[in-house]
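Chain residues, written in single-letter form:
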Amino acid sequence: MPNKYKEYQQLNLPAISQEILAKWEAERAFERSVELRAGATPFVFYEGPPSANGMPGIHHVISRTLKDLVCRYKTMKGFQVKRKGGWDTHGLPVELGVEKMLGITKEDIGKKISIAEYNETCRREVLKYKDKWDELTRRMGYWVDLKEPYITFQNEYIETLWWILNELYNKDLLYESVSIQPYSPAAGTGLSSHELNQPGTYKDVKDTSAVVMFKAIRNKESEFLFKAAAAGAEIFFMAWTTTPWTLPSNLGLTVGPNIDYVLVKTFNPYTHLPINIVLAKALVSKYFKPEGENIDPEGYKEGDKLLPWTVLAECKGKDLEECRYEQLLPYEANAPEKAGGDPFRVILGDFVTTEDGTGIVHTAPAFGADDFKVGKKYNIGILVMVDRQGKFIDGLGEFSNRYVKNYKDDPQYVDVNVDISVKLKKENRAFKIEKYEHNYPHCWRTDKPILYYPLDAWFIRTTALKDRMVELNKTINWKPRSTGEGRFGNWLENMVDWNLSRSRYWGTPLPIWRTEDGKEEICIGSIAALRAELDKSVKAGLMPPPVGDDVEKYIQKLTSDLHKPFVDEIIFVSPGGKPMRRVPDLIDVWFDSGAMPYAQWHFPFENIDTFAQNYPADFIAEGVDQTRGWFYTLHALAALLKESIHEKLKASGVPAADLERLYPGIAYKTVVSNGLVLDKNGNKMSKRLGNVVDPFKTIGDFGADATRWYLITNASPWDSMKFDIDGIKETQRKFFGTLYNTYQFFALYANVDGFNFQEAYVPLKDRPEIDRWILSSLNTLIAKVGAGLDDYEPTVAGRLIEDFVDEHLSNWYVRLSRRRFWKGDYGHDKLCAYQTLYECLETVARLMAPVSPFFADWLFCNLNSATGRNKAASIHHTDFPEADESVIDVPLEERMQLAQDASSLVLSLRKKVNIKVRQPLQKVLIPVLNPGMKHQLEKVEDLVKAEVNVKELQYLSDGDGFIKKKIKPNFIALGKKLGSKMKAVSTALGAFSQEDIAKLEKEGIYTLSIESEPLILKINEVEITSEDIPGWVVAGKDTLTVALDVTVTPELAREGNAREFVNRIQKIRKDNGYELTDRILVKVADVPALKDSLTQFNDYICSEILADSIELVAELANGTEIEVNDILLKVFVSKKA
RNA sequence: AGAUCCGUAGCUCAGCCUGGUUAGAGCACUACACUGAUAAUGUAGGGGUCAGCAGUUCAAAUCUGCUCGGGUCUACCA
């Protein structure tokens, strides 16, 4: 007894997922899929480590599907694809989660809870949802090695990070500097860029903005201004600020070197005193009305709305350089000598615009990054008049100790910015004070405005390698290309040094120790180096081991966890004999993940060969939000470390000649960045809106296959996708339903006939046209799907598979071949049909395996368990199909398309005249334009006739005089040649008579007269179609036109009745629940109107309904009443014993 | 503010790179068929100023520029 194909009641995708998952786990299918490729060329994939302290969402399903399908595809293509998993474990999200859980703030750490306890909690909490992640990984069918993942908090991992930092340090790429950073006075902490990018951080707020006047001092540089003004007049530089609290810290005024400025004579609108002010020419209209220009200033008096104004002089910004001005708000605390530079000068900066303000930028180096930079360049010094609580320091008169913003939620708070503005107004130093609405960053935790504040920080000098990074980026295959060239390329072009410092607790400590005076410093690059230094320090008596403790053990213990606070307890001794303590900073977590190519293998301390084989990655994929995150840090570190890597690899035996070629300084060769997943209305998913899709529920309801297929085929992965459950339902029904039906159909009949693919493979030439056609289409599909996946275009590939299954396989091949499966003996034709359909199903399963791994394996196993054709236990251990060019027959595919079109047209005609398909008709007329077309049609004639139920196909050619032809220009061919004459030719062709067309066809050329010039038209420069057959109802598509003979002769009507009768009996068979192979007995109550039909087509009817005979009886007592083309009759059907 | 992606039927998307004269598919809706795959299928119908404006061209959904709307990323904004 041969094995049967499994048959099912209905499609249950979640059940299939579960069944296959259990099989995979029992058979270690994933591990096997890697082992089976041992020795093969590796395809290197890097897993971007997720942070397991949050729940996975549906957006993780799409990026992981993308990763998984590429890895599965490459495995099937013969590569060995190891996928080492990983966990990102450090950083702010974890810390915040812990603080929330414990109900503490950052300030409590070290007080209410020890740092050791705190970090221990972080270590525990960070993998809080690991089980959920693992479950998602399993259930969605993401194959990744989670048995030996890299974990960023492990000592070995950190040791590699230290090695990297030390390499950078030694190459002078790691340095410390003061920089202006976002700082939250309310929270008392600096904010990372990550924090600043929390949703809702930037808010529109109304602040008091002030246009203030800095009084110019007459000197060599400003002489030209004073000369232009009246003798003894005061001249002011006008500057705008939305943060008046920074004015006491003002030390400079920055102008754009190429911006035009003017000196304007006018009045102060508040004090009404005559003034002369300097501002950008382009912004004059913002402060002055045109009708006020050059009117007599004598007439101006208090209360006048219209300010008179006159331009006295004009100059470029660079002409103002080095002008000096009086300090605006002088106090004890901000005395000029305290600035530590040469302040109160006009300086030049490229960042100045004339978009708003006055074109002159008030510059307080302490509170703006641009200010700091330009201030440093001109040595104007720095004044920090605000402390870290966000209040003015002592010595600022009436403003001393006042908060610059309401950080404490004080209901009595009086805005100091208003008071400053009022004071300036009174002192004739303000030109305009108003509320100004702008976008300003806020601390996402306290909801209070942040300020920019000078803080010490460590940087990586990425800008030193900028050119290299830009060049190398051009060698990376970005999907989509625009992200690499645009978003990422621009980011590289505008790169700034990487601020590594974080003042937190749970992260990788910066391995730099220094003496208190900062003169001696050491960077540690390994645990061995750490121990060596410790050893020295113990010997010097700086770190005495506890009494009775073994020194070796003591050192071992101290170095067993490189986190805070333990690492901070370590004190070194400097060469000068002084104690050295670690600098307090931790490093940016993005450094952790960017270093994963090295740290995951504990390079260079071990696994140098493994690393060498797994670097760089062939492929990585993450969400587009990682462009400036992981994609950047990977790229930056690869570029920075190029030489260090070469050194290590050279030392381990990699030939010098190969180094540049194999390790050009990139971390990945191809990167796919997928877009966001939005809800079905296009809104971002957020817990707040309650539109978050639970991936577990989705996969539970629809199975992983339909979910994955939908996510991949609905839109290109890099477009943001609108996630709609109805879309998954459609996928399930349309694609999986159709494919399942096709399998079910196959299994049904293959089981009846006992087809197990034991017979020899029937050569293609011996198979019928339709089989050769579907196999040709199949191979065309293989080629296109392979090309699509090679090009990282899974959406294109998936859609091609869908189209094939739906349009070609199910709705044409199977539909037209149905009879071949159930009719007649198990002979040659049946064998061909089974072999062909089997091959299609098996191949489709393999093509879809990367995207929908469960269903594909299920289909494969169902087929394979009956035939044993393949030794592999899983489809994921087989090879991806290769297209066989010799099977592809383009003319065959074309004529089948012709047949499909012709059938569709005939059916539409039948519809139009309301003649059902079951009623045979005599003939279809098809005008043929050339012998080739006729030839093609003849080969598919039988298919068309069967499909549309007509007796004959008649071809009409010119000679018959039936066809009416139509001509139009072939625009593509003629366009270049004719250019502007195109329209005239088009018109001329429109006026062609049938004779003209015939002449052109006969002679091959035709001479037109266009604008009195002769123009020779060749036959291939026009398109001739037949659009009409006079006297017939026709339908047409492209160059194909069909006409249908709709006459139902009595002969045809009898046949139609017979077919209708068969149909009714079949229905009864089915209602009675007979097996397909049961034979039956039929009795019919004699009806004159049908007698002829039943007699004439007796044989046909009997063979169709598996009856030995049809017995016509006069009376039928217990028959079933049926209706055949409006004729009522009674029949009795019984199973033959 | 800059960069980038997107805007085609009620909905989801093809087509655009490489311009060519009736702009396609699926879903949904309506009607009618078919049915020995049947919770499947076919045919037909309605539904589009291809976001808008301008330009290049004989010809623009397609190329260019600008504008508008939506998303994302980045940002030191005075």
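Residues numbered from 1 in each chain as written. Chains lettered and ligands numbered in written order. Predicted model: local features only at pLDDT ≥ 70, side-chain atom pairs only at ≥ 80, totals over all residues. Heavy atoms only, no water.

**Some words on the overall build of chain A**
Step number 1: From N to C terminus, chain A includes 37 helices and 39 strands.
Step number 2: Taking 1137 residues into account, the globule formula puts the C-alpha radius of gyration at 32 Å, and chain A, at 42 Å, lies well above it.
Step number 3: Counting across all 1137 residues of chain A, residues that qualify as buried make up 55%.
Step number 4: Carbon and sulfur atoms make up 50% of the accessible area of chain A, which amounts to about 50,000 Å² in all.
Step number 5: Taking the 145 positively charged and 161 negatively charged side chains of chain A as two groups, their mean positions are separated by 1 Å. (Helix = DSSP H or I, 4+ residues; strand = E, 2+ residues; numbered from the N terminus. Rg over C-alpha atoms; globule rule 2.2 N^0.38 Å. Buried < 20%, exposed > 50% of the residue type's maximum accessible area, 1.4 Å probe, protein only. Areas by Shrake-Rupley, 256 points an atom, 1.4 Å probe, with all protein chains shown as cover. Lys, Arg positive; Asp, Glu negative; His and termini not counted. Charge placed at Lys NZ, Arg CZ, Asp CG, Glu CD.)

**Considering the sheet that holds strand 38 (residues 1120–1124)**
Step number 1: Across the sheet, four strands lie side by side as 37-36-39-38; this open sheet has mixed pairing. Strands at the two margins of the open sheet, each flanked by one partner only, are strand 37 (1107–1113) and strand 38. When strand polarity is set aside, the average angle formed by the axes of neighbouring strands in this sheet is 35°.
Step number 2: The pairing of strand 38 with strand 39 (residues 1127–1135) spans five bridges and is classified as antiparallel. Counterpart to Glu 1123 in the pairing with strand 39 is Leu 1128.
Step number 3: Of the strands in this sheet, strand 36 (1080–1085), strand 37, strand 38 and strand 39 touch helix 36 (residues 1088–1096), which is tilted by about 50° from strand 39.
Step number 4: Contacting strand 36 and strand 37, helix 37 (residues 1098–1105) runs over the sheet at an angle of about 125° to strand 37. (Pairing = 2+ DSSP bridges. Axes fitted to C-alpha atoms, helices over the stretch in contact; angles between N-to-C directions. Contact = heavy atoms within 4.5 Å.)

**Re the environment of Asp 535**
Step number 1: Inspection of the secondary structure assignment puts Asp 535 in helix 16 (residues 527–539).
Step number 2: Among the polar contacts listed, one links the side chain of Asp 535 to the side chain of Lys 539, at a separation of 2.8 Å. (Polar contact = N/O pair within 3.5 Å; in protein donor to acceptor, adjacent residues only side chain to side chain.)

**Description of the packing of aromatic side chains**
Step number 1: In total, this model carries 58 aromatic pairs according to the counting rule given.
Step number 2: Considering the side-chain rings of Phe 43 and Phe 79, the 6.0 Å spacing of their centres and the 55° angle between planes classify their relative orientation as tilted. One end of the pair, Phe 43, is in the loop between helix 2 (29–35) and helix 3 (58–76); the other, Phe 79, is in the loop between helix 3 and strand 1 (84–87), with 36 residues separating them in the sequence.
Step number 3: What makes Phe 43 buried here is its relative accessible area of 6%.
Step number 4: Taking the centre distance of 4.7 Å and the plane angle of 50° together, the rings of Phe 992 and Tyr 1006 count as tilted. Taken together, the residues span a long stretch of sequence, with Phe 992 in the loop between helix 33 (982–990) and helix 34 (994–1003) and Tyr 1006 in strand 31 (residues 1005–1010) at a distance of 14 residues. As far as burial versus exposure is concerned, Phe 992 and Tyr 1006 are alike and both buried.
Step number 5: Among the aromatic residues, those joined into a cluster by ring pairs are Tyr 5, Phe 745, Phe 746, Tyr 749, Phe 755, Phe 757, Tyr 761, Phe 821, Tyr 826, Tyr 834 and Tyr 838.
Step number 6: Directly above the ring of Trp 143 sits Arg 72, whose terminal nitrogen or CZ lies 3.9 Å from the centroid.
Step number 7: Above the face of the Phe 757 ring, Arg 869 is positioned so that its terminal group lies 3.9 Å from the ring centre. (Phe/Tyr/Trp six-rings, centres within 6.5 Å; stacked < 30°, edge-to-face > 60°. Lys NZ or Arg CZ within 6 Å of the ring centre and 35° of its normal.)

**Some thoughts on the sheet that holds strand 24 (residues 617–623)**
Step number 1: Taking strand neighbours across the sheet as the criterion, the three strands line up as 16-25-24 in an open arrangement whose pairing is parallel. Where the open sheet ends on each side, the last strands, each with one partner, are strand 16 (477–479) and strand 24. Put simply, the sheet's adjacent strands are angled 15° from each other on average, direction ignored.
Step number 2: Note: strand 16 against strand 25 (residues 668–674), three bridges, orientation parallel. Following the sheet pairing, Asn 477 is matched in strand 25 by Thr 670.
Step number 3: Where helix 21 (residues 630–651) meets the sheet, its contacts fall on strand 16, strand 24 and strand 25, and the angle it forms with strand 24 comes to roughly 150°.

**Some thoughts on the layout of surface pockets**
Step number 1: Taken as a whole, the second largest pocket holds about 1,800 Å³ of empty space.
Step number 2: Taken together, 44 residues line the second largest pocket, and the ones lying closest to its centre are Arg 818, Arg 819, Trp 822, Gln 1066 and Glu 1104.
Step number 3: Those elements giving two or more residues to the lining of the second largest pocket turn out to be helix 24 (725–753), helix 26 (794–822), helix 31 (941–948), helix 35 (1050–1071) and helix 37.
Step number 4: Class assignment for the residues of the lining of the second largest pocket results in 18 nonpolar, 12 polar and 14 charged. (1 Å grid on protein atoms, 1.4 Å probe; cavity = no way out; pocket = protein on both sides within 12 Å on 5 of 7 lines; lining within 4 Å. Points joined across faces, edges and corners; volume = space filled by probe spheres on them. Nonpolar A, V, L, I, M, F, W, Y, C, P; charged D, E, K, R; others polar.)

**Concerning the pairing of strand 28 (residues 921–927)**
Step number 1: Summarising burial for strand 28: five of the seven residues are buried, a large majority.
Step number 2: Relative to strand 29 (residues 950–956), strand 28 runs parallel, the two being bridged by six bridges. Bridge pairing in strand 29 links Leu 921 to Val 950.
Step number 3: Where strand 28 meets strand 35 (residues 1040–1044), two bridges bridge the pair, whose relative direction is antiparallel.

**Let's talk about the nonpolar core**
Step number 1: Ranked by size, the top nonpolar core spans 131 residues in total, and within it Tyr 5, Phe 746 and Phe 855 carry the most contacts.
Step number 2: Among all residues touching Tyr 5, those that are not within four sequence positions of it are Tyr 743, Phe 746, Ala 747, Ala 750, Asn 751, Phe 755, Asn 756, Tyr 838, Asn 862, Leu 863, Ala 866 and Thr 867.
Step number 3: The next biggest cluster of nonpolar side chains, apart from the first, holds 79 residues, and it includes Ile 570, Leu 640, Tyr 663 and Ile 666. (Core = buried A, V, L, I, M, F, W, Y, C linked by side-chain atoms within 4.5 Å.)

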